[in-house]
Amino acid sequence: MAHTLHIFPSTAAVEAHHRSTMEETGVILGISALTLRRLAEEISRTAGEEVRLISNVGRKLLLEEMVREQYAESTGHYAPLKDFPGFVGALDLLFGELKQGLINSGQFAAGARHLHCGPNLAELAALFARYNNALDRRELIDRNDQELTAIRHLQQGGILPQLFEEVGNVAMHAIYDLTPLQIALVAELSRRLPVKLHLPYNPGRESLYAYAAKTAEAVESLDNSNLSLEPVFAESSGVFLTPLLEALFAGSELKHTAFTAPGPMALLAAPGAYRECEDIGRRVRALLEEGVDPGRVAVLFRDLKNYGPMLEDVCRRFRIPVSSRRGAPLHTAPLVKACLSPFAVVRSNFSRDEIISLCNSSYFAPAGGGVSPDIIEEVLLGARYIDETSGTVE
């Protein structure tokens, strides 16, 4: 009997689906759910190409070696950045975005020639080509190449992996930001099996679901009769508030749930960033062995540029299901901007009197009356705000 293969954005979501299926049916036969990355791995493995997948840490080391060789004589526009740690991370992100956009080094170089900053982009195109050549010499591929291999295999009429033997259709859930490379992979799969892409939508709140519009438009623009790819718009229901927003709107009629800390706070110290990630990995592994739901474990970093690849490598070694999604920076969210705005005032060297005058002005006053300058002054005094005319800011 044919069944549906479900595709989710993360391994944690896949495991949650498996647990739900076990509770409902009591048994799981074969693979009923996987991630888009796992799908590419399975199809690439079926292609039978004798190449190895480079790890995240190995990719960073390869890029560092490539940059040292490229700028050994300290010549070139980006030569001053060769020892800057963020340069390698920026190259890694750039090359990944180019491959996800289905742009090779030749196309990148050709496009650079038509721009006013062409020489600088041509230098980046040369680094991109050098990176791809370094992978080829070592018979390695990265995650993006793996997806390209899967697409070529399907385009050439290759067979599907064994996990598709009892599959009648495919359903994709909670994946709203598909890249051109991922869309191409899903499109090729839809030539073999019907694929439904579930996207959230609410006609009364279009702006709230604008993040899914780009993927929907890209899928609809394919317009190929040979594709069985159907976007399914589901109108979401329920409360659209996170615990933070729910606490912010405490005066509303919404029901509130009291949140308590799950455990005590512990301070860790390790000799290096990678060792920190290993310590975190051991603690997460211990939690999973105790039966904790992986979907309830979160690891937060101030900056994922350096820690993200290292933690993903550690989780792969410790067999920890992990998903790292790099969306829009948090500081672009309106709520976060509002929370950080008082600190921007402090950094701008406004005096206390100027702040009180601003808060009492007609430009600042909300509907129903302005903010009392006496209250503002009490808050500033309570916060021990001292402008530079009186001394240093505390």
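A few points on the structure. Since this is a predicted model, take the numbers as computed values, not measurements.

### Details of the overall build of the chain
If you tally the helices and strands in the chain, you get 15 helices and seven strands. Looking at the 394 residues of the chain, the share that counts as buried comes to 33%. Total accessible area computed for the chain in this model is approximately 24,900 Å², and 55% of it derives from carbon and sulfur atoms.

### So, the pairing of strand β5 (residues 167-172)
Bridge count between strand β1 (residues 3-8) and β5: five bridges; the pairing is parallel. Within β5, the residue paired with Thr-4 across the bridge is Asn-169. Judged from the three bridges that link them, β5 and strand β6 (residues 195-200) form a sheet pairing that is parallel. Bridge pairing links Val-170 to Val-195 in β6. Assessed by its sense of winding, the connection that carries the chain from β5 through helix α8 (residues 180-189) to β6 is right-handed.

### Some words on helix α7 (residues 143-155)
With 13 residues, α7 ought to run about 18 Å at 1.5 Å a step, and its terminal C-alpha atoms sit 19 Å apart, in line with that. By the burial criterion, the buried members of α7 are Asn-144, Asp-145, Gln-146, Glu-147, Thr-149, Ala-150, Ile-151, His-153 and Leu-154. Among the residues of α7, the N-terminal cap falls to Asp-142, whose side-chain oxygen and the backbone nitrogen of Asn-144 are separated by 3.2 Å. A positive phi of about 80° marks Gly-157, the residue just after α7.

### With respect to the nonpolar core
In this structure, Ile-7, Leu-39, Phe-164, Val-170 and Met-172 are the most contacted members of the largest nonpolar core, which totals 31 residues. Only β1, α2 (36-47), α7, β5, α8, β6 and α9 (213-220) provide two or more residues apiece to this core. Top element by residues in this core is α8. It accounts for six residues. If sequence neighbours within four positions are ignored, Leu-39 has contacts with Ile-7, Leu-34, Phe-164 and Leu-189. Membership of the second largest hydrophobic core comes to 24 residues, among which are Ile-54, Met-66, Phe-108 and Phe-128.

### Considerations on the pattern of salt bridges
This model, assessed by the stated rule, comprises 15 salt bridges. Here Asp-293 ties to Arg-19 by a salt bridge, and the two come within 2.5 Å at their closest N and O atoms. One end of the pair, Asp-293, is in the loop between α11 (273-289) and α12 (304-317); the other, Arg-19, is in helix α1 (residues 11-25), with 274 residues separating them in the sequence. The exposure class assigned to Asp-293 is partly exposed, which follows from its relative accessible area of 28%. Across the pair Arg-317 and Glu-278 runs a salt bridge, and its minimum N-O distance is 3.0 Å.

### Topic: the packing of α2 against α8
The interhelical angle for the contact between α2 and α8, taken along N-to-C directions, is 60°, at an axis separation of 12 Å. By the angle between their axes, α2 is oblique relative to α8. Of the two elements, α2 crosses α8, and the hand of that crossing is left-handed. Side by side, α2 and α8 meet where Leu-36, Leu-39, Ala-40 and Ile-43 of the first sit next to Gln-182, Leu-185, Val-186 and Leu-189 of the second.

### Digging into the environment of His-198
Among the structural elements, His-198 can be located in strand β6. It is 6.0 Å that separates the C-alpha atoms of His-198 and Pro-231, two residues lying 33 residues apart in sequence. When sequence neighbours within four positions are dropped, the list of residues in contact with His-198 reads Ala-171, Met-172, His-173, Ala-174, Tyr-176 and Val-232.

### A word on the packing of aromatic side chains
Taken as a whole and judged by the stated rule, the model has four aromatic pairs. When the ring of Phe-95 is compared with that of Phe-128, the centres are 5.0 Å apart and the planes differ by 25°; the resulting orientation is stacked. Separated by 33 residues along the polypeptide, Phe-95 in helix α4 (residues 85-100) and Phe-128 in helix α6 (residues 118-137) bring together distant segments of the chain. For the pair formed by Phe-95 and Phe-128, the shared burial category is buried. Aromatic side chains Phe-301 and Tyr-307 sit 4.8 Å apart centroid to centroid with 15° between the ring planes, which places their arrangement in the stacked category.

### Some details on unusual backbone geometry
One non-glycine residue, Ala-174, lies in the positive phi region at around 55°. Structurally, Ala-174 can be placed in the loop between β5 and α8. Here the phi dihedral of Arg-319 falls at roughly 55°; this positive angle occurs in a residue that is not glycine. The residue Arg-319 is located in the loop between α12 and α13 (334-347) in this model.

### A short note on the side chain of Ser-32
Relative to the helices and strands, Ser-32 resides in the loop between α1 and β2 (33-35). Apart from the residues within four sequence positions on either side, Ser-32 is in contact with Thr-4, Leu-5, His-6, His-17 and His-18.

### A few points about α11
The end-to-end C-alpha distance of α11 is 25 Å, a good match for the 24 Å that 17 residues give at a rise of 1.5 Å each. Looking at the packing, one finds that the buried side of α11 touches α12.

### Here's the deal with the environment of Glu-69
Examined against the element boundaries, Glu-69 turns out to sit in helix α3 (residues 56-70). Residue classification places Glu-69 among the partly exposed residues on the basis of a relative accessible area of 42%. Put simply, Glu-69 and Lys-82 are 13 residues apart on the chain and 9.9 Å apart in space, counted from C-alpha to C-alpha. Here Arg-130 takes part through its side chain, which lies 3.3 Å from a polar atom of the side chain of Glu-69.

Conventions we followed
Residues numbered from 1 in each chain as written. Predicted model: local features only at pLDDT ≥ 70, side-chain atom pairs only at ≥ 80, totals over all residues. Heavy atoms only, no water. Helix = DSSP H or I, 4+ residues; strand = E, 2+ residues; numbered from the N terminus. Buried < 20%, exposed > 50% of the residue type's maximum accessible area, 1.4 Å probe, protein only. Areas by Shrake-Rupley, 256 points an atom, 1.4 Å probe, with all protein chains shown as cover. Pairing = 2+ DSSP bridges. Right-handed = clockwise from strand over helix to strand, strands pointing away. Expected span 1.5 Å × (residues − 1). Polar contact = N/O pair within 3.5 Å; in protein donor to acceptor, adjacent residues only side chain to side chain. Core = buried A, V, L, I, M, F, W, Y, C linked by side-chain atoms within 4.5 Å. Contact = heavy atoms within 4.5 Å. Salt bridge = Lys/Arg side-chain N within 4 Å of Asp/Glu carboxyl O. Axes fitted to C-alpha atoms, helices over the stretch in contact; angles between N-to-C directions. Parallel < 35°, antiparallel > 145°, perpendicular 65-115°, else oblique. Left-handed = near helix turned anticlockwise from the far one by under 90°. Phe/Tyr/Trp six-rings, centres within 6.5 Å; stacked < 30°, edge-to-face > 60°.

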